[in-house]
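One letter stands for each residue in the lines below.
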Amino acid sequence: MTEKPKMIRSHLADCITNDLVDMDISVAGWIEDVRDIGKLGFVLMRDFTGMMQIIVAGDLLSQIRTIPRQSCVLVEGKVQRSKAKNVDFEIKANKISLIAKAIHPLPIDPTGRVESSTDKRIDSRALDLRDPKVSAIFRLRSSALQTIRNFLRSRRFTEVTTPKIIGTSTEGGANLFRCDYFGKNAYLAQSPQLYKEQLTVGLERVFEIGPYFRAEKSHTVRHLAEFTSVDVEAAFLDYTDVMEIVADLVRRVISDLMHLCNADLKLTWQKVTEPNTVANRNEDEAIHKMKELFGISNGSALDPLELKIEQLTYERAIDELRGQGESLSFGDDLSDMALRKLGGLHKGFYFITDWPMRLKPFYIHEKEENQELSCSFDLQFGYLELVSGGRRQHDPDKLKNRIIEQGLDPSGFVDHLRAFQWGMPPHSGWGLGFDRLMMVLTNSQNVREVVLYPRDAERLGP
Ligand code: AMO
């Protein structure tokens, strides 16, 4: 991998190869560690592509002793082969320039040697990202988003952007953030539900990846007040069709991350107990653990594109939970406890389909053969709900009745209902909680680990 020399440095850490031996180069980054053996110093320096070993002696050794760890430096020197076990090349420094000094003590240790709480790390997120296990999560996030975009475009979906400041609630419910909009009440969008449905009239298949807002007071590891969702809506497809689309999308994301971002994936699945600099012997175990959990390992490695995703109806889920001692009747929602029990029975990805109509929002279509049931589904990973979706009610009169039945004011939905007079096609779609998917893909136990600057009831900064 080569990159043209830039203004300050000539090479990145991962560009230092055999061809450069005996050549003078310059590298820039942050000092992670210094091993001082008296006459010689071994400096570990990191840039965004990896770690470098710098050898310093004489005056430079005295200089490096005065520079605090995590300071930003430029090193000029000659590349040589290294005798160390875990590095192939090193740079014998002939000049070190301090670009920016790091204060001491730092609020967290970005080498990961001293563990800090998630809260403390988020308070210093920019610094936290110098820990490769943390930055790996955000590189994986970026790659997953790219795969999702490519995948949906390959299925002929058009990416759209809909307003986030809206005049009426989209999903119903009380979890709306209200704001003042030039003297009028406005709300932050809970989802693009109404817009994406309307857009099927003209674009047929749309998707949106955007931030949505819910005034969730719940203090859980899976709820945020601002989260990223991937939303899809498609004309002339039934809910079973869009279930297949989301299943294929999940398979594709796992496959791409495994093939294109294997090193980052390993980092996030490793239980790193050793310093980041040491190659971890459990790398392959880490990926094996991931495959097992995802259901793509049966002794021999299976292709993630073949991943089977089980389907169970809501009624079966209730039966299974009764068998586990939960006292549930048809029509009851599945509590956190119930979902955890169900997750214990169904590890990995699975769908729960055909929920009772009474548990679903006004826009969900009933089943023709049983009006108490809905054409709807959730995609779960263990206890965690990742996706919810379904077929929509596209008959304007029935839709208006459902709005009233659910205690919402139809005057707030006038613009929406108008679109249903213009030849609204039958349509289905889903919303995927992207942050939750990233939790699963990176083996993170708290959604805050996969969101750069999370927002919840307690946190409005940084
Ligand atoms: P729902 O409300 O189930 O459905 O949201 C869709 C998915 O978004 C994620 N999610 C959240 N993630 C983090 N923090 C939150 N507070 C949060 N709330 C929801 C979940 C959830 O499965 N309009 C429908 C979707 C549709 O039918 O198309 C909707 O918003 O992973």
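Everything discussed here concerns the structure shown above.
Bear in mind the structure is a predicted one, so any value in this text is a computation, not a measurement.

**Structural notes on the overall build of the chain**
Helix and strand counts for the chain stand at 13 helices and 18 strands. In terms of overall dimensions, the chain has a C-alpha envelope of 85 × 60 × 40 Å along the principal axes. Taking all 462 residues of the chain together, 51% fall into the buried category. If you take every contact in the chain between residues at least 6 apart in sequence, the share linking residues at least 24 apart comes to 63%. Carbon and sulfur atoms make up 50% of the accessible area of the chain, which amounts to about 22,600 Å² in all. A distance of 6 Å separates the average location of the 61 positive side-chain charges in the chain from that of its 66 negative side-chain charges.

**Observations concerning the environment of glutamate 385**
Among the structural elements, glutamate 385 can be located in strand S17 (residues 384-391). Glutamate 385 sits in the partly exposed class, given a relative accessible area of 31%. Each C-alpha atom, one on glutamate 385 and one on leucine 437, is 9.2 Å from the other, the two residues being 52 residues apart in sequence. Each residue touching glutamate 385, except ones within four places of it in the same chain, is listed here: Asp378, Leu379, Gln380 and Arg436.

**Focus on the pattern of salt bridges**
Across all of its chains, the model carries 34 salt bridges by this definition. For arginine 69, the salt bridge goes to aspartate 33, with nearest N and O atoms at 3.3 Å. Here aspartate 33 lies in strand S1 (residues 24-36) and arginine 69 lies in the loop between helix H1 (59-65) and strand S4 (72-81), a separation of 36 residues in the sequence. Here arginine 69 falls in the partly exposed class, since its relative accessible area comes to 34%. Its relative accessible area of 24% is what places aspartate 33 among the partly exposed residues. Among the ionic pairs, aspartate 123 bridges to arginine 459, the shortest N-O distance being 2.9 Å.

**Comments concerning a nonpolar patch on the surface**
A cluster of nonpolar side chains, Met7, Ile8 and Ile99, forms an exposed patch at the surface whose accessible area comes to about 360 Å². Within the secondary structure layout, isoleucine 8 lies in the segment before S1.

**Here's the deal with the site of the ligand**
Taken together, 22 residues form the shell around the ligand, and within it Glu171, Gln193, Lys196, Arg214 and Glu385 come nearest. Here glutamine 193 contributes a side-chain N or O atom positioned 2.6 Å from a nitrogen atom of the ligand. In this structure, glycine 433 approaches the ligand through a main-chain N or O atom, which is 3.4 Å from an oxygen atom. Computed on the free molecule, the ligand has an accessible area of 620 Å², of which 92% lies beneath the protein chains in the complex. Of all the cavities here, the one that holds the ligand is the second largest pocket. Tallying contributions element by element places S17 first for the shell around the ligand, with 5 residues. Its residues assigned to classes, the shell around the ligand shows 6 nonpolar, 7 polar and 9 charged.

**Details of unusual backbone geometry**
The omega torsion across histidine 104 and proline 105 is 0 degrees, close enough to zero to call that bond cis. With respect to the element layout, proline 105 can be found in the loop between strand S5 (89-100) and helix H2 (118-123). The backbone of glutamate 204 sits at a positive phi, close to 65 degrees, despite the residue not being glycine. If you trace the backbone, glutamate 204 turns up in the loop between helix H5 (193-199) and strand S10 (205-213). Positive phi is not limited to glycine here, since phenylalanine 236 has a value of about 65 degrees. Along the chain, phenylalanine 236 falls in the loop between strand S11 (226-235) and helix H6 (239-260).

**Points about helix H9 (residues 314-323)**
The complete set of buried residues in H9 reads Tyr314, Ala317, Ile318 and Leu321. The arc enclosing the buried residues of H9, seen along the axis, measures out at 100 degrees, which places them on a common side. Buried positions along H9 lie against strand S14 (310-313), helix H10 (336-345) and strand S15 (349-353). Once H9 ends, the next one or two residues include glycine 325, with phi positive near 90 degrees.

**Re the layout of surface pockets**
Put simply, the second largest pocket is a space of about 1,200 Å³. Lining the second largest pocket are 44 residues, with Arg214, Asp378, Glu385, Ser388 and Arg436 sitting closest to its centre. Sorting the residues of the lining of the second largest pocket by element identifies H5, S11, H10, strand S16 (376-381), S17, strand S18 (427-433) and helix H13 (434-441) as the ones contributing at least two each. With 6 residues, S17 is the single largest residue contributor to the lining of the second largest pocket.

**Details of the environment of threonine 158**
Here threonine 158 is to be found in strand S6 (residues 158-159). Using a relative accessible area of 33% as the deciding quantity, one classes threonine 158 as partly exposed. As a C-alpha pair, threonine 158 and glutamate 208 span 50 residues in sequence and 8.5 Å in three-dimensional space. Not counting chain neighbours up to four residues away, the residues in contact with threonine 158 comprise Arg205, Val206 and Phe207.

What counts as what
Residues numbered from 1 in each chain as written. Predicted model: local features only at pLDDT ≥ 70, side-chain atom pairs only at ≥ 80, totals over all residues. Heavy atoms only, no water. Helix = DSSP H or I, 4+ residues; strand = E, 2+ residues; numbered from the N terminus. Buried < 20%, exposed > 50% of the residue type's maximum accessible area, 1.4 Å probe, protein only. Contact = heavy atoms within 4.5 Å. Areas by Shrake-Rupley, 256 points an atom, 1.4 Å probe, with all protein chains shown as cover. Lys, Arg positive; Asp, Glu negative; His and termini not counted. Charge placed at Lys NZ, Arg CZ, Asp CG, Glu CD. Salt bridge = Lys/Arg side-chain N within 4 Å of Asp/Glu carboxyl O. Patch = residues over 30% accessible without salt bridge, like charges linked within 9 Å, V, L, I, M, F, W, Y side chains within 5 Å. Near = heavy atom within 4 Å. Polar contact = N/O pair within 3.5 Å; in protein donor to acceptor, adjacent residues only side chain to side chain. 1 Å grid on protein atoms, 1.4 Å probe; cavity = no way out; pocket = protein on both sides within 12 Å on 5 of 7 lines; lining within 4 Å. Sits in = over half its atoms within 2 Å of the grid points. Nonpolar A, V, L, I, M, F, W, Y, C, P; charged D, E, K, R; others polar. Arc of directions from axis to C-beta. Points joined across faces, edges and corners; volume = space filled by probe spheres on them.

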